[in-house]
Amino acid sequence: MKPEANSSPWNRRDFPEAAREALAAEPLPTAPFEHSQTRRNVRHATDIIQAKRNAVVAELPEWQALRSAGAAIRAHTLEHLDHYLLEFEANCVRRGGHVHWAADAADARRLVLEILAPHAPREVIKIKTMTSEEIGLNACLEEHGIHPVETDLAELIIQLGHDRPSHFVVPALHKSRGQIRDLFASAMHRPELTDSPEELAAAARSYLRQKFLTTPVAISGANFLLADTGGVCIVESEGNGRMCLTLPDVLVTVVGIEKVLPCFQDLEVFLQTLPRSATGERMNPYNSIWSGTPAGDGPREFHVILLDNGRSPILADAESRQTLRCIRCAACLNACPVYHQTGGHAYESVYAGPIGAILTPQLHAMHDAQSLPYASSLCGACYEVCPVEINIPEVLIHLRSQVVQQQQSTLTGSLGLWNIAMKSAAFLMQDGGRLGAAVRLAQTAQAPLVSRNGFIEWMPGPLSGWTKTRDLPALPAESFRAWWRRTRSAQPATPAASEPHHE
Amino acid sequence: MNNQIQPGDSRQRILARIAASLGRDPAIAAASAAYAVLPRHYRATAATPPAQSISRFLDRLHEYNAACVRVASEAGIAAAIAAVLAARSQSGLAVVSGIPPAWLPPGFNFPLANPLTAEELDRQPGILTACAVAIAETGSLVLQSGPRQGLRLHTLVPDHHLCIVFESQLVATVPEAFPRLDPNLPTTFISGPSATADIEMTRIKGVHGPRSLHVLLVAD
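Residues numbered from 1 in each chain as written. Chains lettered and ligands numbered in written order. Predicted model: local features only at pLDDT ≥ 70, side-chain atom pairs only at ≥ 80, totals over all residues. Heavy atoms only, no water.

Bringing the overall build of chain B into the picture now. The helix and strand inventory of chain B stands at six helices and eleven strands. Relative to the compact-globule value of 17 Å for 220 residues, chain B shows a C-alpha radius of gyration of 22 Å, a clear excess of over 25%. Each principal axis of the C-alpha distribution contributes one length, and for chain B these read about 70 × 45 × 40 Å. For chain B, the residues scored as buried account for 54% of the 220 residues in total. (Helix = DSSP H or I, 4+ residues; strand = E, 2+ residues; numbered from the N terminus. Rg over C-alpha atoms; globule rule 2.2 N^0.38 Å. Buried < 20%, exposed > 50% of the residue type's maximum accessible area, 1.4 Å probe, protein only.)

Below is the structure:
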């Protein structure tokens, strides 16, 4: 199941290419200022969130117990996912909600359009939702003459700037206040605005207030679905979410099938771990929980679209299934040294950072985004901060081996330079005689490449990829194996003889 | 595999794919047994002395930039509300249904919020409610739709929220709050005034929800 490419606003270049642009030491002529500014903004923001997160996690003595409980609840839910989805559906419907199932992105977009059709809205208000980004909903709505209004401050910044989110908790963290000021001043016709964050937030408040009071249809994602009550939980800061959830007549919630929890009471774990991990707060300003269409309170018509879009096949792999435990806190992005350097756009994916590096290729059945499992140094910082104990480095390695196997299974892949090099290396290293012969050959062959300083600074053809950024020490005239034979072969190498003696 | 999808097919397809991926028939009986033995070694209750919870709650509210006034008894609520309104030069507050008349001081307007539309609420200077439970550890007020707590939009549209919390409603930790909630009612956790950190990670008070939050903590 390969979702069609044109549904995504993402280009899907390989990570190294996109990262090189983000990191460009000599800024690209296209946007020299933007790049260095973006990197400064990303570092500033991730440093602040990391510090806050570490402080509020350290003050909870039971943090490890909460992590383990969260991991166990999420793992259990995934093992019984069909059961809990059916329980959620039955309870949501019993309370007046409508539940729809979307096998893929096209299915989800068609459902949204069908639900909206009888209301013929010209505009809809939206809460920040990653599933909407995943299915390319905004572009689809625009095509059908419906203008989506993003109401989250960061999403509004992204929308007004025709930009892409670079982080899934703080989507506009790559923008500075000056850049935001310029965007708002022109889009809201407010030339007098300064770059004070208070003033910019107030501008967003007055810009959106009338929309909240008059727009009859809203679209949201969800943080959690609750099977036992048919409930939906949305966690937010600004109150734009509450506006969209309570004021319109019609609410459509698009949510991944993996977001379900067994019980209302399970929130006692996740409402502790999610805010602390996501924004470094003990609790975010607002959490909303409701089920169906409660009498006289909130929308009269409520639809949940359960989105699969490549999730259910991930359950089949016991090792990488843990990817679906994710509660989208983005702590792994903030902790990741690679994300810290490149920012989110280099991942060319709706889901950036370490979790994106394992989730995105799997959502595409490993047919796409194959460079992402390599976008990591495997340092393990992501695993350490994950509030549901997803062992991201383990999954990364697992996926790398899948990428290799997949490449080997094709003719071009099996004849590829990399595969031949690795196969040859395996052949040489299996046998001491072969390795010795290869080393002797290399000792002679390297001579024209070795510089005066004893290093190889340039290699020809595909090998130049290595020497472009580092020097390679030349092979010594005598290999270790040759030295051992020369100095030790006469004497028996007993442990007693070879161990140093301490006087 | 990806032919034209017929409406209604997707449900069967997704459930079949999940079952196939998990490699078993839907094990409905097993789910509840496995759920019952999940490890939960975090604090479900904390033996926190009430005085400690109160001081923690006050600290948290202060950090959120929410004002808190302590009131010695229920009889003192009216005077405390009058003082808050006078300090803000505010002519009154909308009140949700079920608020006892004895809480309302004379000389101010207290229109009932329930019949008001969202546009009308937007013109109200503030809203008065009670709550279901409050959490010291996180400085949270939890409201559930109904008498004294109003509907969800009541504590959202007006720019000022004044909330009455009785000390007996205050619990120390998040897990202690859950047994006191009705899982079937619309529920809102409110932790400080609406805020955002979307601009350079600076926490700014007040975006779309109430920009001012007042708590009256009443001994009982």
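This next bit is on the overall build of chain A. A count of helices and strands for chain A gives 23 helices and twelve strands. The dimensions of chain A, computed from C-alpha atoms along their principal axes, are 95 × 55 × 55 Å. Summed over all atoms, the accessible surface of chain A reaches about 20,800 Å², with 57% contributed by carbon and sulfur. Measuring between centres, the 46 positive side-chain charges of chain A sit 5 Å from its 54 negative side-chain charges. (Areas by Shrake-Rupley, 256 points an atom, 1.4 Å probe, with all protein chains shown as cover. Lys, Arg positive; Asp, Glu negative; His and termini not counted. Charge placed at Lys NZ, Arg CZ, Asp CG, Glu CD.)

What follows is about the interface of chain A and chain B. Taken together, the contacts link 97 residues of chain A with 77 residues of chain B. Carbon and sulfur atoms supply 59% of the area buried between chain A and chain B, which totals about 7,600 Å² over both sides. On inspection of chain A and its partner chain B, the count reaches nine salt bridges. For A:Arg209, the salt bridge goes to B:Asp122, with nearest N and O atoms at 2.8 Å. On inspection of chain A and its partner chain B, the count reaches 35 residue pairs in polar contact (both at pLDDT 80 or more). Per-element tally for the side of chain A that touches chain B: the top contributor is helix α10 (residues 197-214) of chain A, with ten residues. Along the lines of polarity and charge, the residues of the side of chain A that touches chain B split into 52 nonpolar, 20 polar and 25 charged. Pairing between strand β9 (residues 286-291) of chain A and strand β8 (residues 187-190) of chain B: four bridges, direction antiparallel. Paired with A:Ile289 across the two strands is B:Thr187, which belongs to β8(B). (Contact = heavy atoms within 4.5 Å. Buried area = accessible area lost by both parts, 1.4 Å probe. Salt bridge = Lys/Arg side-chain N within 4 Å of Asp/Glu carboxyl O. Polar contact = N/O pair within 3.5 Å; in protein donor to acceptor, adjacent residues only side chain to side chain. Nonpolar A, V, L, I, M, F, W, Y, C, P; charged D, E, K, R; others polar. Pairing = 2+ DSSP bridges.)

Relative to the helices and strands, B:Arg11 resides in helix α1 (residues 9-22). Not counting residues up to four positions away in its chain, the partners in contact with B:Arg11 are A:Leu86, A:Glu89 and A:Trp101.

What follows covers the environment of B:Gly209. Within the element layout of this structure, B:Gly209 appears in the loop between β10 (204-205) and β11 (212-218). Put simply, B:Gly209 and B:Val157 are 52 residues apart on the chain and 6.4 Å apart in space, counted from C-alpha to C-alpha. Setting aside residues up to four positions removed in sequence, B:Gly209 forms contacts with A:Arg205, A:Glu238, A:Gly239, A:Tyr286, B:Leu156, B:Asp159 and B:Ser194.

A separate point is the domain arrangement of chain A. According to the domain assignment, chain A contains domain 1 (5-312) and domain 2 (432-488). The C-alpha centroid of domain 2 of chain A is placed 53 Å from the C-alpha centroid of domain 1 of chain A. (Domains from an automatic or database assignment.)

Interaxial distance between helix α4 (residues 81-94) of chain A and α1(B) falls to 9 Å at its minimum, and their mutual angle equals 150°. Relative to α1(B), α4(A) is oriented roughly antiparallel. Contact residues: A:Leu81, A:Asp82, A:Leu85, A:Leu86 and A:Glu89 in α4(A); B:Arg11, B:Leu15, B:Ile18, B:Ala19 and B:Leu22 in α1(B). A breakdown of the residues in the contact of α4(A) with α1(B) according to their chemical character gives seven nonpolar, no polar and three charged. (Axes fitted to C-alpha atoms, helices over the stretch in contact; angles between N-to-C directions. Parallel < 35°, antiparallel > 145°, perpendicular 65-115°, else oblique.)

Bringing the pairing of strand β2 (residues 123-126) of chain A into the picture now. Residue and element names in this part refer to chain A. Here β2 runs beside strand β3 (residues 147-150); their pairing, made up of four bridges, is parallel. Opposite Glu123, over in β3, you have His147 as the bridge partner. Inspection of the sheet shows β2 paired to strand β4 (residues 217-220) by two bridges, in the parallel sense. What sits directly across from Lys126, in β4, is Ile219.

Right, let's talk about the nonpolar core for a bit. Judged by nonpolar contacts, the single largest core of 171 residues is most densely connected at A:Phe184, A:Leu267, A:Leu306 and B:Ile164. Not counting chain neighbours up to four residues away, the residues in contact with A:Leu267 comprise A:Phe224, A:Leu226, A:Cys233, A:Leu261, A:Gln272, A:Ile289 and B:Phe178. Counting 19 residues, the second-largest nonpolar core is a separate cluster that includes A:Ala105, A:Ile115, A:Leu116 and A:Leu137. (Core = buried A, V, L, I, M, F, W, Y, C linked by side-chain atoms within 4.5 Å.)

Our focus in this paragraph is the environment of A:His100. All names here are of chain A. Inspection of the secondary structure puts His100 in strand β1 (residues 98-102). With 196 residues separating them along the chain, His100 and Gly296 place their C-alpha atoms 24 Å apart. Among all residues touching His100, those that are not within four sequence positions of it are Leu111, Ile115, His303, Val304, Ile305 and Leu306.

What follows is about a nonpolar patch on the surface. Residues and elements named next belong to chain A. Among the surface-exposed residues, Leu411, Leu415 and Ile420 lie close enough to one another that they form a single nonpolar patch of about 330 Å² accessible area. For Ile420, the position within the fold is in helix α19 (residues 417-429). With a relative accessible area of 41%, Ile420 lands in the partly exposed category. (Patch = residues over 30% accessible without salt bridge, like charges linked within 9 Å, V, L, I, M, F, W, Y side chains within 5 Å.)

Of the residues making up helix α4 (residues 77-87) of chain B, those classed as buried are B:Ile77, B:Ala78, B:Ala80, B:Ile81, B:Ala82, B:Val84 and B:Leu85. In the core, the buried residues of α4(B) are packed alongside β1 (67-71), β3 (127-130), β6 (160-166) and β11 of chain B.

Throughout the structure, instances matching the rule amount to 29 salt bridges over all chains. Here B:Arg70 ties to B:Glu167 by a salt bridge, and the two come within 3.1 Å at their closest N and O atoms. Of this pair, B:Arg70 sits in strand β1 while B:Glu167 sits in the loop between β6 and β7 (170-171), and the two are 97 residues apart along the sequence. Its relative accessible area of 22% is what places B:Glu167 among the partly exposed residues. Several salt bridges share partner residues, and in doing so they unite A:Glu59, A:Arg276, A:Arg282, B:Arg56, B:Arg60, B:Glu63 and B:Glu137 into one network.

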